[in-house]
Amino acid sequence: MSGLRGLVKDRIMAVIKEVEPESGWKVLLVDHTSVRIMSAACRMFDVTEEGVTLVENIEISRQPMPDMEALYFITPTVESVKQLCSDFGREKQGPMYDAAHVYFTSHVSDELLYKIKTTEGLISRLKSLK
């Protein structure tokens, strides 16, 4: 595959390969925009071949998987960052996932980075932020 689609696919697959939990398996979380980017460039087969067991939309209710590491491929919007922080700022129930690897589709504002930095429960489980 060549051209822009090929470059996007190569970058997405590099991100997925970069996250290597001990178990070898991970959950991929996307939002409305990032799933469209992924769908245009990658096939589900490509993603699952790299150890992704489940692809979930960050914008809908999900079951906790506290033993799995999560790869967030999201757009830097208030809504997506709010949901990311919510996944790890759950005081009573505990975090949704064991660890977070966060990759944004574009530049992140200082305000959103501050929100991530100040979310108790997230920083201690944050393994990647790019």
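The following paragraphs examine the structure supplied in this document. What you see is a predicted model; the values in this text were computed from it and never measured. (Residues numbered from 1 in each chain as written. Predicted model: local features only at pLDDT ≥ 70, side-chain atom pairs only at ≥ 80, totals over all residues. Heavy atoms only, no water.)

## Overview of the overall build of the protein chain
Within the protein chain, the regular secondary structure consists of 5 helices and 5 strands. Written out in order from the N terminus, the α and β elements of the protein chain read α-β-α-α-β-β-α-β-α-β. Structurally, the protein chain occupies a C-alpha span of about 45 × 35 × 25 Å along its principal axes. When the 130 residues of the protein chain are sorted by exposure, 42% land in the buried category. Looking at the protein chain alone, contacts between residues at least 24 apart form 81% of all its contacts between residues at least 6 apart. In the structure as shown, the protein chain presents an accessible area of about 7,600 Å², 52% of it carried by carbon and sulfur atoms. Looking at charge distribution, the protein chain has the averaged site of its 16 positive side-chain charges lying 3 Å from that of its 19 negative ones. (Helix = DSSP H or I, 4+ residues; strand = E, 2+ residues; numbered from the N terminus. Buried < 20%, exposed > 50% of the residue type's maximum accessible area, 1.4 Å probe, protein only. Contact = heavy atoms within 4.5 Å. Areas by Shrake-Rupley, 256 points an atom, 1.4 Å probe, with all protein chains shown as cover. Lys, Arg positive; Asp, Glu negative; His and termini not counted. Charge placed at Lys NZ, Arg CZ, Asp CG, Glu CD.)

## Describing the pattern of salt bridges
Scanning the model with the defined rule gives 6 salt bridges in all. One continuous salt-bridge network, built from bridges that share partners, spans Lys 9, Arg 43 and Asp 46. (Salt bridge = Lys/Arg side-chain N within 4 Å of Asp/Glu carboxyl O.)

## Side note on the sheet that holds strand β2 (residues 52-57)
Pairing is parallel across the open sheet formed by 5 strands, whose spatial order is β2-β1-β3-β4-β5. Only two strands of the sheet have a single neighbouring strand rather than two, namely β2 and β5 (126-129). Shown here is a sheet whose adjacent strand axes are inclined to one another by a mean of 20°, direction ignored. Pairing between strand β1 (residues 26-30) and β2: 5 bridges, direction parallel. Bridging across to β2, Val 27 finds its partner in Leu 54. Sheet strands in contact with helix α1 (residues 3-18) are β1, β2, β3 (65-74) and β4 (97-104), and its direction is about 155° off that of β3. Most of the contacts of helix α2 (residues 32-41) go to β1, to which it runs at about 110°, and overall it touches β1 and β3. (Pairing = 2+ DSSP bridges. Axes fitted to C-alpha atoms, helices over the stretch in contact; angles between N-to-C directions.)

## Some remarks on the pairing of β1
Burial analysis of β1 places 5 of its 5 residues in the buried class, which makes it a mostly covered element. Here β1 shows two buried faces, one formed by Lys 26, Leu 28 and Val 30 and the other by Val 27 and Leu 29. Direction of pairing for β1 relative to β3: parallel, over a ladder of 5 bridges. Bridge pairing in β3 links Leu 28 to Leu 71.

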